[in-house]
Amino acid sequence: MAKAVAGVLAQFDHIDGACDAIRELKAGGQKDLTVYTAAANHEIEAAIGDPVSPVRLFTLIGGLTGCAAGFGMTIWMSLDWPVLVGGKPIAPIPPYVVLGFELTILIGALSTVVGLVVLAMMQAPRGRPYSPRFSDDRIGIFVPCGADRAPSVEALFRQHGSVEVTRDA
Amino acid sequence: MAVIAHDPSLPTQTHAEVTRDVIKTITDKPTTGYYILAGSMALLTLVLFGTLGALLKYGLGLAGYAPPIMWSIYITTFVFWIGIGHAGTLISAILFLFRSPWRTAVYRSTEAMTVFAVMTAALFPIIHIGRQWLFYWLIPYPNQRFLWPNFKSPLMWDVFAVSTYLTVSSTFLMIGLVPDVAAIRDHVSGWRKKLYAALSLGWTGADSQWRHYSRAYLYLAALCTPLVLSVHSVVSWDFAMSIVPGWHGTIFAPYFVAGAIYSGIGMVLTLVIPLRKVLKLDHMITEYHFDNLAKLTLFTGSILFYAYGMEYFIAWYSGSTFEQTTFWRRAFGPNWWAGWSMIICNAFVSQLLWFPKIRKNITSLFVISIFINIGMWFERYVIFVGSLANDYIPYAWGQINPTWADWCILAGSFGWFGLWFTLFYKNFPIVAIQEVKEMIPMPRRKAHGGAH
């Protein structure tokens, strides 16, 4: 079990209030915060301002590996046991495009999932408080901070309309 | 006073209502009807595996395999089930890329249908090969003599296409389920909480998770899009790459893809129309969604209409006696009833959907969907069995004699598919909770002028 992180957790009913709070925290130099939502939300994404996920690199590398594996496997196996049929080339490219394509998709998709799992695990919000309301209808914002900063963070959340603010020691 | 019409693509519920209504479909005690349905499906599945056991013991002689028709009911049913899967991927992946708002309410049920349909289809090549216990010979593994499969054969392309399709569509379904399973975990108790906690893989909906999830989902959808178009093209090349009259046509790939999507939407309608009543989801899956599904049916049905006409035209225009004979016998030969069932159920019945009154009537849509299911099975029957029955030499012509083993496997396949689907809709959210919520504008403190 991960060690509990101290900080302030706020719950919001309104998207604009939550976004304003995130923007103000970011403007104040708060880099480490966790925002919980029940669904992906572009306004929240824009307020957080994180760069695009590197999961696309996994997709690209997986897809290219699959393509190379598809062509490589078929050509190598044809040449490994050459059977001449109807005077046609031993390792023709057109029929192997199908296998190259299928393996591009297969390995590309599987490596995308691997990328998602690896990246999500690396950046998992361990030890941070969570409420079941976040998978329902509320937005949660957790700011890790010590007891000295907590009152100002609580005030900021209340100012932006947080419906519930709790301090986690 | 100005009246602002509600956008029919937007759900009318709040976030909390969506969670409550969908979770209720899982936590409500199953009715007697549910047990009867699941029991019947389990019984049919037993018929499937019982017959498969008999085929394993006595061989394919039990089925109606006789020259020249060595690809009959099993291959017909294989292509039928593969086709069913295509509508699911179209709705879940292709319409996702097009940002089509009406897909959200129906995509989960169609994606589940895809996975179970492909699981059903994948049984058939294995049943068909005869020595089922040697099916792994299809996979290129380093065997004792380093013999490799023939990758020039469309049958090998099919092995790769279908197994890729099954893997990727299952992955797509499971990834989509994770945030919804987490929502269920947070709102149930007891053994269910433990089960869904394990299946949610630690999902909390944190921004770091959504950041990677949204991108990964987008790329999976982007990969599924060409995949779904390729799979039925590859299936069509199983036939089109040969020189059998009625099979050897360049139109086959788009013709098969359109037919697959058409048949899949037929099955979506057959499943979702009763399901929304049983699960009391009428307010989430509305007439608006069915109207869009009906328009998609009309579009793909019209492509089929064109393809049927074009096949007959090209047979005549080619001047090839063999092609002409094949198509003449499709309409007026011994299997005329199958040929006309295909044309009436697919080409003509779909044209009824031009009329908004029919398109917007749920009962008529359900009846049309049954015609589509029957018509699309017959389409494959006519193409495969009909063409093999009339090859080049009249001396070798023959007719199919299906046996009890053929019919039991066909009926059993519906049980196997139905059992998985029945278990799924009672244990997992049949409407995508998080995607529906994404459509609902969140409440604001201040008036919001701009678009979401």
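Residues numbered from 1 in each chain as written. Chains lettered and ligands numbered in written order. Predicted model: local features only at pLDDT ≥ 70, side-chain atom pairs only at ≥ 80, totals over all residues.

## Some thoughts on the overall build of chain A
1) Next: Looking only at helices and strands, one finds five helices and four strands in chain A.
2) Next: Taken from the N to the C terminus, the helices and strands of chain A come in the order β-α-β-α-α-α-β-α-β.
3) Next: In terms of principal-axis extent, the alpha carbons of chain A reach across some 80 × 30 × 30 Å.
4) Next: A total of 169 residues make up chain A; the buried ones form 43% of that total.
5) Next: Nonlocal contacts in chain A, meaning residues at least 24 apart in sequence, comprise 84% of its contacts between residues at least 6 apart. (Helix = DSSP H or I, 4+ residues; strand = E, 2+ residues; numbered from the N terminus. Buried ≥ 20, exposed ≤ 12 C-beta atoms within 10 Å, placed from the backbone. Contact = placed C-beta atoms within 7 Å.)

## A short note on the overall build of chain B
1) Next: When you go through chain B residue by residue, the secondary structure sums to 15 helices and zero strands.
2) Next: For chain B, whose C-alpha radius of gyration is 23 Å, the value lies close to the compact-globule estimate of 22 Å for 452 residues.
3) Next: Each of the three principal axes of chain B carries a C-alpha extent, and together these read 80 × 60 × 45 Å.
4) Next: Residues classed as buried in chain B amount to 49% of the 452 residues present.
5) Next: Look at the contacts in chain B between residues 6 or more apart in sequence, and 83% of them connect residues 24 or more apart. (Rg over C-alpha atoms; globule rule 2.2 N^0.38 Å.)

## Some points on the environment of Asp-282 of chain B
1) Next: Structurally, the position occupied by Asp-282 of chain B is in the loop between α8 (252-278) and α9 (287-318).
2) Next: Setting aside its immediate chain neighbours within four residues, Asp-282 of chain B contacts Arg-276 and Lys-277 of chain B.

## Structural notes on the nonpolar core
1) Next: Residues Ile-141 of chain A together with Val-268 of chain B are the most contacted members of the largest nonpolar core, which totals 173 residues.
2) Next: Each residue touching Ile-141 of chain A, except ones within four places of it in the same chain, is listed here: Ala-10, Ala-18, Ala-21, Ile-22, Leu-33 and Val-35 of chain A. (Core = buried A, V, L, I, M, F, W, Y, C linked by C-beta atoms within 7 Å.)

## Focus: the sheet that holds strand β4 (residues 164-168) of chain A
Residues and elements named next belong to chain A.
1) Next: Strand order across the open sheet formed by four strands is β2-β3-β1-β4, with antiparallel pairing between neighbours. Edge positions in the sheet fall to β2 (34-36) and β4, since each of these pairs with one other strand and no more. On average, each strand axis in the sheet is inclined to that of its neighbour by 15°, with strand direction left out of account.
2) Next: The pairing of strand β1 (residues 7-12) with β4 spans five bridges and is classified as antiparallel. Across the sheet, residue Gly-7 finds its bridge partner in β4, namely Asp-168.
3) Next: The sheet contacts of helix α1 (residues 15-27) involve β1, β2 and β3 (139-144), and relative to β3 the element is tilted by about 20°. (Pairing = 2+ DSSP bridges. Axes fitted to C-alpha atoms, helices over the stretch in contact; angles between N-to-C directions.)

## Side note on the pairing of β3 of chain A
Residue and element names in this part refer to chain A.
1) Next: Where burial is concerned, most of β3 is hidden: five out of the six residues are buried.
2) Next: When β1 meets β3, the two strands line up antiparallel, connected through six bridges. Its bridge partner lying in β3, Gly-7 is registered against Pro-144.
3) Next: Taken together, the three bridges between β2 and β3 define a ladder with antiparallel strand orientation. Each bridged residue has a counterpart across the sheet, and for Tyr-36 the counterpart in β3 is Gly-140.

## Concerning the confidence of the model for chain A
1) Next: On average, residues of chain A score 91 in pLDDT, and 99% of them are at 70 or above.
2) Next: Across chain A, the secondary-structure element scoring lowest on mean pLDDT is β4 of chain A, at 87, and the one scoring highest is helix α3 (residues 55-80) of chain A, at 96. (pLDDT = per-residue confidence, 0-100.)

## Describing the interface of chain A and chain B
1) Next: Contacts between chain A and chain B engage 53 residues on the former and 51 residues on the latter.
2) Next: At the level of secondary structure, the elements contributing two or more residues to the side of chain A that touches chain B comprise α1, β2, α2 (42-48), α3 and α4 (93-122) of chain A.
3) Next: Ranked by residue count, the leading element in the side of chain A that touches chain B is α4 of chain A, at 16 residues.
4) Next: For the side of chain A that touches chain B, the residue count by class is 31 nonpolar, 14 polar and eight charged. (Nonpolar A, V, L, I, M, F, W, Y, C, P; charged D, E, K, R; others polar.)

## Focus on the environment of Phe-305 of chain B
Residue and element names in this part refer to chain B.
1) Next: Residue placement: Phe-305 occurs in helix α9.
2) Next: For Phe-305, a count of 17 C-beta atoms within 10 Å corresponds to the partly exposed category.
3) Next: The spatial distance from the C-alpha of Phe-305 to the C-alpha of Ile-344 is 9.9 Å, given a sequence separation of 39 residues.

## Some points on α1 of chain A
One turn of the α-helix equals 3.6 residues, which is why residues spaced by three or four share an orientation.
Residue and element names in this part refer to chain A.
1) Next: In a regular helix each residue adds 1.5 Å, so 13 residues correspond to 18 Å; α1 covers 18 Å between its end C-alpha atoms and thus fits that length.
2) Next: Considered for burial, the residues of α1 that qualify are Ile-15, Gly-17, Ala-18, Cys-19, Ala-21, Ile-22 and Leu-25.
3) Next: Here the buried face of α1 lies against β1, β2, α2, β3 and α5 (150-159). (Expected span 1.5 Å × (residues − 1).)

## Quick notes on the confidence of the model for chain B
1) Next: On average, residues of chain B score 91 in pLDDT, and 97% of them reach the 70 mark or higher.
2) Next: This complex was scored by the predictor with a pTM of 0.93 and an ipTM of 0.93.

## Concerning the packing of helix α4 (residues 107-128) of chain B against helix α14 (residues 404-427) of chain B
Residues and elements named next belong to chain B.
1) Next: Interaxial distance between α4 and α14 falls to 9 Å at its minimum, and their mutual angle equals 150°. Compared by their axis directions, α4 and α14 come out roughly antiparallel. The hand of the α4/α14 crossing is right-handed. Side by side, α4 and α14 meet where Ala-112, Met-113, Phe-116, Ala-117, Met-119, Thr-120 and Ile-127 of the first sit next to Ile-409, Ser-413, Trp-416, Phe-417, Trp-420, Phe-421 and Phe-424 of the second. (Parallel < 35°, antiparallel > 145°, perpendicular 65-115°, else oblique. Left-handed = near helix turned anticlockwise from the far one by under 90°.)

## Topic: unusual backbone geometry
Residue and element names in this part refer to chain B.
1) Next: With an omega dihedral of 5°, the bond running from Pro-67 to Pro-68 counts as a cis peptide bond.
2) Next: Structurally, Pro-68 is set in the loop between α2 (32-58) and α3 (73-97).
3) Next: Phi is positive for Arg-99, close to 55°, though the residue is something other than glycine.
4) Next: With respect to the element layout, Arg-99 can be found in the loop between α3 and α4.

## A word on the packing of helix α5 (residues 154-185) of chain B against helix α7 (residues 207-240) of chain B
All names here are of chain B.
1) Next: Here α5 crosses α7 at 150°, and the two axes come no closer than 9 Å. Here α5 is positioned roughly antiparallel relative to α7, judged by the angle of their axes. For the pair α5 and α7, the crossing hand works out as left-handed.

## Brief notes about α2 of chain B
Residues and elements named next belong to chain B.
1) Next: Here α2 spans 39 Å end to end across 27 residues, near enough to the 39 Å set by a 1.5 Å rise per residue.
2) Next: Of all the positions in α2, only Met-41, Leu-48, Thr-51 and Leu-55 are classed as buried.
3) Next: Summarising the contacts, the buried residues of α2 are in contact with α4 and α14.
4) Next: Of the residues flanking the end of α2, it is Gly-59, one or two places downstream, whose phi is positive at about 90°.

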